[in-house]
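# Examination of the molecular architecture
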Amino acid sequence: MDETRIRRIVEDFVCEEFAKKGVFFVPTASSNRHIHLSKEHAQALFGKDFELTKLRDLKQPNQFASNQQVTFKTSKGSLTLRVVGPIRSETQIELSTSDCIKLGLPPVIRMSGDIEGTPCGVISTEKGSVTLSKGVIVAARHLHLSTSQAKLYGLKNGDAVRLFVEGKRATVFDNVQVRCGEAHILEAHIDVEEANACALPENAICRIEKMNKTHYLMPEAPAKVEGRRIFGNIVPDKEAPLYALSGAINQKTNRGAMPEPSKKRMLSEADVIEAHKLGQTQLLLDKDTLLTPLARDRARQLGMELTERR
């Protein structure tokens, strides 16, 4: 068993143990541009009876990055995309907002599999090409859980959670959509631009809170670009300015109220760093204090003693 597999098993075990205490953490990863291919399109691009070959496993069950790559073209430019396996029923391309702007496409934020009415382009290899009629999305941030993990976390398909990222660019991501079932395992996904904006570290573990009311995206309208204004993803009250890339208008968003704060005290990595700056060499923990995995690792790195108060 390789080091990555061992780390993932340990991460999931630690997160599940915290979940039993009523505080919820999830491994969090960023997703870069890639493509999923249908069987028909894979054969058109690589030849009859073609099969993807594995470069490396991804955490989600049976998912892998393949050795195969394709070129995606629009009238404004092109990008190289790695194919993620296995083969799917429909071809889907996942880009960042910046990628879409570079290619002259409206960035349409969708959950994976929801591709009706989305932008299109041409995918090609040395052996062939396919003109798509749909399929290009900016993936909505989401959380994967297995059936048993969803039960432990008190979540179900269609729920939404907040994702808290610690660090110098501490950030809270709302509207992280829950996807659970036997084809999933504990892991939150945000896109590469969201990860870069909050300086998400490699192998990050983030805290989540369930929102009292599911925070759905607003009803969608066909995406289009007019001049310097971008529309898509929701029906806005008025024209959305360029910086509102998804077309989201604040007054149209139905946010759920924050859950009641836990009576348990949580000690974060930032708390440990601050204590160290003040010259403390020991941290006394009450029985109700919950220490985050990042905080425990930081205390160990700084040589700080962790002692449970009697």
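Computed from a predicted structure; not experimentally measured.

## Some details on the pattern of salt bridges
This structure, assessed with the given rule, holds 15 salt bridges. A salt bridge links D12 to K59; its shortest N-O distance comes to 2.8 Å. In this pair, D12 is assigned in helix α1 (residues 3-20) and K59 in the loop between β3 (54-57) and β4 (64-74), connecting sequence segments 47 residues apart. For the pair D12 and K59, one class covers both residues: buried. Taken together, the shared-partner salt bridges connect E90, E116 and K134 into one network.

## Some words on the sheet that holds strand β1 (residues 24-31)
Reading around the barrel, the six strands line up as β1-β14-β11-β13-β12-β15 and close back on themselves, with mixed pairing between neighbours. Here the average twist between neighbouring strands, direction ignored, is 40°. For β1 and strand β14 (residues 187-191), the ladder comprises four bridges, and the chain directions are parallel. Within β14, the residue paired with S30 across the bridge is I190.

## Things to note about the state of the cysteines
In total, this model carries zero disulfides according to the counting rule given. Its sulfur unpaired, C198 is 7.2 Å from the next cysteine sulfur, which belongs to C206.

## Concerning the packing of aromatic side chains
For the structure on display, the rule yields three aromatic pairs. For the pair F18 and F25, a centre-to-centre distance of 5.1 Å together with 70° between the ring planes defines the contact as edge-to-face. Like F25, F18 is buried. Their ring planes at 40° and their centres at 5.3 Å tell us that F24 and Y153 sit as a pair that is tilted. Taken together, the residues span a long stretch of sequence, with F24 in strand β1 and Y153 in helix α4 (residues 147-153) at a distance of 129 residues. By relative accessible area, Y153 is classed as buried at 5%. A cation over a ring is seen here: K54 above F64, with NZ or CZ 5.7 Å from the ring centre.

## Details of a nonpolar patch on the surface
Taken together, the side chains of M1, I6, I9 and V10 present a nonpolar region at the surface, about 400 Å² in accessible area. Within the secondary structure layout, M1 lies in the segment before α1. Residue classification places M1 among the exposed positions, given a relative accessible area of 72%.

## Section: the pairing of strand β19 (residues 282-285)
Every second residue of β19 is oriented toward a common face, the buried set being L283 and L285 and the non-buried set Q282 and L284. Two strands pair when backbone bridges link them, and β19 and strand β21 (residues 305-308) are joined in this way by four bridges, in the parallel orientation. By the bridge assignment for β21, Q282 is matched with E305.

## Notes on the nonpolar core
With 29 residues, the main nonpolar core has L143, L145, Y153 and L163 as its most contacted residues. Sorting the residues of this core by element identifies α1, β1, β11 (142-145), α4, β12 (160-165), β13 (171-180), β14 and β15 (204-210) as the ones contributing at least two each. Beyond its immediate stretch of four places on either side in the chain, Y153 contacts C15, E16, A19, F24, F25, V26, L145, L186 and I208. Counting 22 residues, the second largest nonpolar core, distinct from the first, contains A42, F72, C100 and L132.

## A few points about unusual backbone geometry
G85 connects to P86 through a cis peptide bond whose omega is 5°. In this fold, P86 is placed in the loop between β5 (77-85) and β6 (92-94). For D49, which is not glycine, the phi torsion reads 65° and is therefore positive. As for its placement among the helices and strands, D49 is situated in the loop between α2 (39-46) and β3. Judged by its relative accessible area of 61%, D49 is exposed.

## Quick notes on helix α6 (residues 269-277)
What α6 keeps buried is the set E269, V272 and A275. Taken down its axis, α6 places every buried residue within 125° of arc, on the same side. Seen from the buried face of α6, the exposed residues on the opposite side, beyond 90 degrees, are A270 and K277. A positive backbone phi angle near 90° is found at G279, which sits one or two residues after α6.

## Some words on the environment of Y153
Each C-alpha atom, one on Y153 and one on G22, is 8.3 Å from the other, the two residues being 131 residues apart in sequence. From its side chain, Y153 meets the backbone oxygen of C15 in a polar contact 3.5 Å long.

What counts and how
Residues numbered from 1 in each chain as written. Predicted model: local features only at pLDDT ≥ 70, side-chain atom pairs only at ≥ 80, totals over all residues. Heavy atoms only, no water. Salt bridge = Lys/Arg side-chain N within 4 Å of Asp/Glu carboxyl O. Helix = DSSP H or I, 4+ residues; strand = E, 2+ residues; numbered from the N terminus. Buried < 20%, exposed > 50% of the residue type's maximum accessible area, 1.4 Å probe, protein only. Pairing = 2+ DSSP bridges. Axes fitted to C-alpha atoms, helices over the stretch in contact; angles between N-to-C directions. Disulfide = S-S within 2.5 Å. Phe/Tyr/Trp six-rings, centres within 6.5 Å; stacked < 30°, edge-to-face > 60°. Lys NZ or Arg CZ within 6 Å of the ring centre and 35° of its normal. Patch = residues over 30% accessible without salt bridge, like charges linked within 9 Å, V, L, I, M, F, W, Y side chains within 5 Å. Areas by Shrake-Rupley, 256 points an atom, 1.4 Å probe, with all protein chains shown as cover. Core = buried A, V, L, I, M, F, W, Y, C linked by side-chain atoms within 4.5 Å. Contact = heavy atoms within 4.5 Å. Arc of directions from axis to C-beta. Polar contact = N/O pair within 3.5 Å; in protein donor to acceptor, adjacent residues only side chain to side chain.

In short, the description is geometric, and any link to function would need to be established separately.
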